[in-house]
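Listed below are the residues making up each chain.
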Amino acid sequence: MRSRLLAYLRRVIGRSRAEAEADEELAFHLAHEIEANVARGLSPAEARRQALADLGGVVQTREAVRDVRRFGLGWIRRDLRDAVRGLTRRPMASVVAIVSLALAIGAVTAVLGIVEAVYARNLSVHRPDQLVVFWRTSPDHPDENESLPLTQFEELQRRLSDVADVFAWDDGPLRSLSVGGVRYQGNVNQVSGNFFAAMGVKPRLGRLLDAHDVATIGHGTSARVAVLDYRVWQERFGGDPGVLGRTIVVDGIALTVIGVTPEDFTGLNPAMVPDATVPFDFDADRIVGTYSHFVGARLNDGVRVTDAAARLQALWPSILKRTVPPNAPAARRTRYLASRVHVESLRTGTLGVGMTIRTMLARPLGQLAALGGLVLFIAVVNLANLILVRAVSRRAELALRATLGASRGVLVRAMVVEGVLVAVAGAALGIVLAAWAGRPLFGALWGGGTLLGRPPALDPRPDLRVAAGMAVVAIIVGIVCALLASWRAISRDPAATLQSHARVVGNRYAIAQKALVATQVALALVLIAGAA
């Protein structure tokens, strides 16, 4: 206890001694300034008033010096406090900088959120990185992907069973649906018996299709059952658990509802969410093997896409020979045996009409991204201008702190904290704006229409990765702007700055500010011209 008391007293005495020395230093500078002002012809009272104004006030300067003398992590709180004080001294300029940065960050984040949702978001299934799709190409059209006939699907399912669970599905075209007494045109997916098991999907209600519900080529008839999409269950049946066993009608054929998919399941093409999922050839007496469908697979644990592709290439010639149509003309048979196959990742569901969405949105999204980047650049210039003005107005204060012992690092750090504070405020507000504007912006791009009867099941709001990335960009912008401004502000000798008594912006600072303003005007004109 005694040792702690002594240590505390030493800290207090040491701190008091340091503050006394600082007060003496401050009094010396104040007396020197008063003497210089009197020598220029000012009265003693006016000379003292001018000296106090030049030093920024005795109390404020003493507090700044006290901050320089302190050590430890308390500098974070002090620098933040000083940054807030500095920003509130020029509230209009601070608000303009924060709001302009927020609008720019919000615009770019909203666009990136849509880009991520359309092009890069994973499917809402178990381990989407394990999903692949098989594409066939013909020698006549080597750049066009084609689906595979069911005969090839069954061969792949049998021969690749040790490395993957091969499944098949078909997501079009529109069919006549009668659900809950309402008739409309909707999307119905036809799938193989192992489709839902390969997706790793669990039913929200009832059960999902399995191998007993779907016939194979030449063997049996598919069951006339259906699995409803969660949204259809909510919209048409009000979420009634008694929907199991009820009947829906697809192209005039009555099907019994056996289950409901989970809420987050959108199929393999979020742009074309199925209203119902049914077995292959539910409307036929026997499955015909010549019909083509999409074929994919879930790779077993430890199997890479390259491993599956190599295995497929080795098996492909024999699969072609085994599945070639027996009565095909010679020319068709030759083309069939010359076809190629390749494997692609199905992680983002890059199939069918989804490709059309990506094609349709590529141009407007590119234009929006360019405009958003231009707005962001304008905001960065505006932020740099604000920090430069703040730095120039604090030259006397910074010079005095340097004279009293503050290192350049401490001075730069204070300005960096101010820049980061503005950047963080702008980024936070911008991300909130992006989350709010994501859906309306996507609706405007899409035109408010629907695709095959239903809107795309895409959530365009930015996810955590996009938001975090833009926050990091904003912080980097704040740091860079602050570093450039601090270099301009403290590059001059502190003693020369104090002796100059310059309270206006010098030529080099005026030139820098004029250049920044001219840049903002030029970029704004470009932005207006582009929008027109």
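Refer to the structure above for everything that follows.
What counts as what
- Residues numbered from 1 in each chain as written.
- Predicted model: local features only at pLDDT ≥ 70, side-chain atom pairs only at ≥ 80, totals over all residues.
- Heavy atoms only, no water.
- Helix = DSSP H or I, 4+ residues; strand = E, 2+ residues; numbered from the N terminus.
- Buried < 20%, exposed > 50% of the residue type's maximum accessible area, 1.4 Å probe, protein only.
- Contact = heavy atoms within 4.5 Å.
- Polar contact = N/O pair within 3.5 Å; in protein donor to acceptor, adjacent residues only side chain to side chain.
- Patch = residues over 30% accessible without salt bridge, like charges linked within 9 Å, V, L, I, M, F, W, Y side chains within 5 Å.
- Areas by Shrake-Rupley, 256 points an atom, 1.4 Å probe, with all protein chains shown as cover.
- Salt bridge = Lys/Arg side-chain N within 4 Å of Asp/Glu carboxyl O.
- Core = buried A, V, L, I, M, F, W, Y, C linked by side-chain atoms within 4.5 Å.
- Pairing = 2+ DSSP bridges.

(A) Focus on the overall build of the protein chain. Scanning the protein chain from terminus to terminus reveals 16 helices and twelve strands. In the protein chain, buried positions account for 45% of the 532 residues. Sequence-distant contacts in the protein chain: of pairs separated by 6 or more residues, those separated by 24 or more amount to 78%.

(B) Just the side chain of Thr-323, in detail. Relative to the assigned elements, Thr-323 resides in helix α9 (residues 305-323). In this structure the side chain of Thr-323 is engaged in a polar contact, spanning 2.7 Å, whose partner is the side chain of Tyr-336. The residues touching Thr-323, leaving out its near neighbours within four places in the chain, are Thr-151, Gln-152, Glu-155 and Tyr-336.

(C) A look at helix α6 (residues 150-159). Every buried residue of α6 is accounted for by Leu-150, Gln-152, Phe-153, Glu-155 and Leu-156. Those residues of α6 that are buried lie in contact with β1 (131-137), β2 (148-149), β3 (164-170), β11 (292-299), α9 and α10 (330-337).

(D) Region of interest: unusual backbone geometry. Of note, Arg-127 is a non-glycine position whose phi angle comes to about 45 degrees, a positive value. Phi at Asp-251 is positive, roughly 50 degrees, even though this residue is not glycine. With respect to the helices and strands, Asp-251 occurs in the loop between β8 (247-250) and β9 (253-260).

(E) Looking closely at a nonpolar patch on the surface. On the surface, Val-95, Val-99, Leu-103, Leu-429 and Leu-433 cluster together to form a nonpolar patch covering roughly 380 Å² of accessible area. Every element with two or more residues in the nonpolar patch is listed here: α5 (91-120) and α13 (408-446). When you line up the elements, Leu-103 lands in helix α5.

(F) Quick peek at the nonpolar core. Counting residues in each nonpolar core, the largest one holds 26 residues, and the members touching the most others are Phe-134, Leu-156, Leu-160, Val-166, Val-295, Leu-312 and Trp-316. Put simply, the parts of the chain that give this core at least two residues each are β1, α6, β3, β11, α9 and β12 (340-345). No other element matches the six residues that α9 contributes to this core. Setting aside residues up to four positions removed in sequence, Val-295 forms contacts with Val-133, Phe-134, Leu-148, Phe-153, Leu-156, Val-166, Phe-167, Ala-168 and Trp-169. Among the nonpolar cores identified, the runner-up in size contains 25 residues, and Leu-101, Val-416, Ala-474 and Ala-485 belong to it.

(G) Examining the pairing of β8 more closely. The two faces of β8 differ: Ile-248 and Val-250 on one face are buried, but Thr-247 and Val-249 on the other face are not. Here two bridges tie strand β4 (residues 174-179) to β8, and the two strands are oriented antiparallel to one another. Paired with Leu-177 across the two strands is Val-250, which belongs to β8. Two elements, β8 and β9, share four bridges in a ladder whose sense is antiparallel. Each bridged residue has a counterpart across the sheet, and for Val-250 the counterpart in β9 is Ile-253.

(H) Broad picture of the environment of Pro-279. Within the fold, Pro-279 resides in strand β10 (residues 276-279). Exposure remark for Pro-279: the relative accessible area of 0% places this residue in the buried category. Along the backbone, Pro-279 and Ala-211 are 68 residues apart, and their C-alpha atoms lie at a distance of 9.4 Å. Other than its neighbours up to four places away in sequence, Pro-279 contacts Gln-190, Val-191, Leu-209, Asp-213, Val-214, Ser-222, Ala-223 and Val-225.

(I) Looking closely at the pattern of salt bridges. Enumeration over the complete set of coordinates arrives at 15 salt bridges. Two residues, Arg-121 and Glu-116, come together in a salt bridge whose shortest N-O distance is 2.5 Å. Across the salt bridge formed by Glu-155 and Arg-322, the nearest N and O atoms sit 2.8 Å from each other. On the criterion of sequence distance, the pair formed by Glu-155 in helix α6 and Arg-322 in helix α9 is long-range, its members being 167 residues apart.

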